[in-house]
Amino acid sequence: MTKNQRQTTNDWKSRLGVVYSTNPEFSYNKEGENEPATLPPQQQNLIVSLDRKQRKGKSVTLITGFVGKEEDLETLAKKLKSKFGVGGTAKDGEIIIQGDFVQRTIEYLVAEKFKVKRSGG
């Protein structure tokens, strides 16, 4: 057995969710390979809102509408969290900042040249 053959036989763990195919020309495509390119800030349409749903009454600032790579979303979230001195997270294309920082978030994003809309009051 050559080294190349061993690598393909040890590749089974990355394909656990795939149903067996009898097609000899079948090639497995991994998910997440096609992330959209990050749009420049002038083309981003971000929506900033205050959210209390499913958070035990705690308020969070929710930023949605970001189009781009996950790393760029996390970088923006990190900048916001350090600017306001609070916690938060970036996942599933949205940024969650703990606390009511809607107005400050909008001001910061506008200064960074993002297109921003406020949602919900």
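Just so we're clear, the structure is a prediction, and the values are computed from it rather than from any experiment.

> Honestly, the overall build of the chain in this entry has me stumped. Any pointers?
When helices and strands are tallied, the chain shows three helices and five strands. From first element to last, N terminus to C terminus, the chain shows the α and β order α-β-β-α-β-β-α-β. Counting across all 121 residues of the chain, residues that qualify as buried make up 22%. Here the contacts in the chain between residues at least 6 apart in sequence split such that 49% fall between residues at least 24 apart. Only carbon and sulfur atoms are counted for the fraction: they give 48% of the accessible area of the chain, which is about 9,100 Å².

> I tried to follow the sheet that holds strand S4 (residues 94–98) on my own but got confused; where do I start?
Whenever strands of a sheet pair, they do so through backbone hydrogen bonds, lying parallel or antiparallel. Strand order across the open sheet formed by five strands is S3-S4-S2-S1-S5, with mixed pairing between neighbours. Of all the strands in the sheet, just strand S3 (88–91) and strand S5 (115–119) have a single pairing partner and so form its edges. On average, adjacent strands in this sheet sit at an angle of 20 degrees to one another, irrespective of strand direction. Pairing of S3 with S4 involves four bridges; the strand directions are antiparallel. What sits directly across from Lys91, in S4, is Glu94. Across the sheet, helix H2 (residues 70–84) lies against strand S2 (60–64), S3 and S4, angled at about 15 degrees from S4, the strand it touches most.

> In this structure, what is going on with H2? I would like to understand it.
Every α-helix carries 3.6 residues per turn, so stepping three or four residues along brings you back to the same face. Taking 1.5 Å per residue, 15 residues should reach 21 Å; H2 reaches 21 Å between its end C-alpha atoms and fits that length. Restricting attention to buried positions, one finds in H2 the residues Leu73, Leu76, Ala77, Leu80 and Phe84. All buried residues of H2 lie within an arc of 100 degrees about the axis, which places them on one face of the element. Exposed positions of H2 whose direction lies more than 90 degrees from the buried face are Lys78 and Ser82. Of the surrounding secondary structure, the elements contacted by the buried residues of H2 are S2, S3, S4 and helix H3 (102–111). Of the residues one or two after H2, Gly85 is the one with positive phi, at around 70 degrees.

Calculation criteria
- Residues numbered from 1 in each chain as written.
- Predicted model: local features only at pLDDT ≥ 70, side-chain atom pairs only at ≥ 80, totals over all residues.
- Heavy atoms only, no water.
- Helix = DSSP H or I, 4+ residues; strand = E, 2+ residues; numbered from the N terminus.
- Buried < 20%, exposed > 50% of the residue type's maximum accessible area, 1.4 Å probe, protein only.
- Contact = heavy atoms within 4.5 Å.
- Areas by Shrake-Rupley, 256 points an atom, 1.4 Å probe, with all protein chains shown as cover.
- Pairing = 2+ DSSP bridges.
- Axes fitted to C-alpha atoms, helices over the stretch in contact; angles between N-to-C directions.
- Expected span 1.5 Å × (residues − 1).
- Arc of directions from axis to C-beta.

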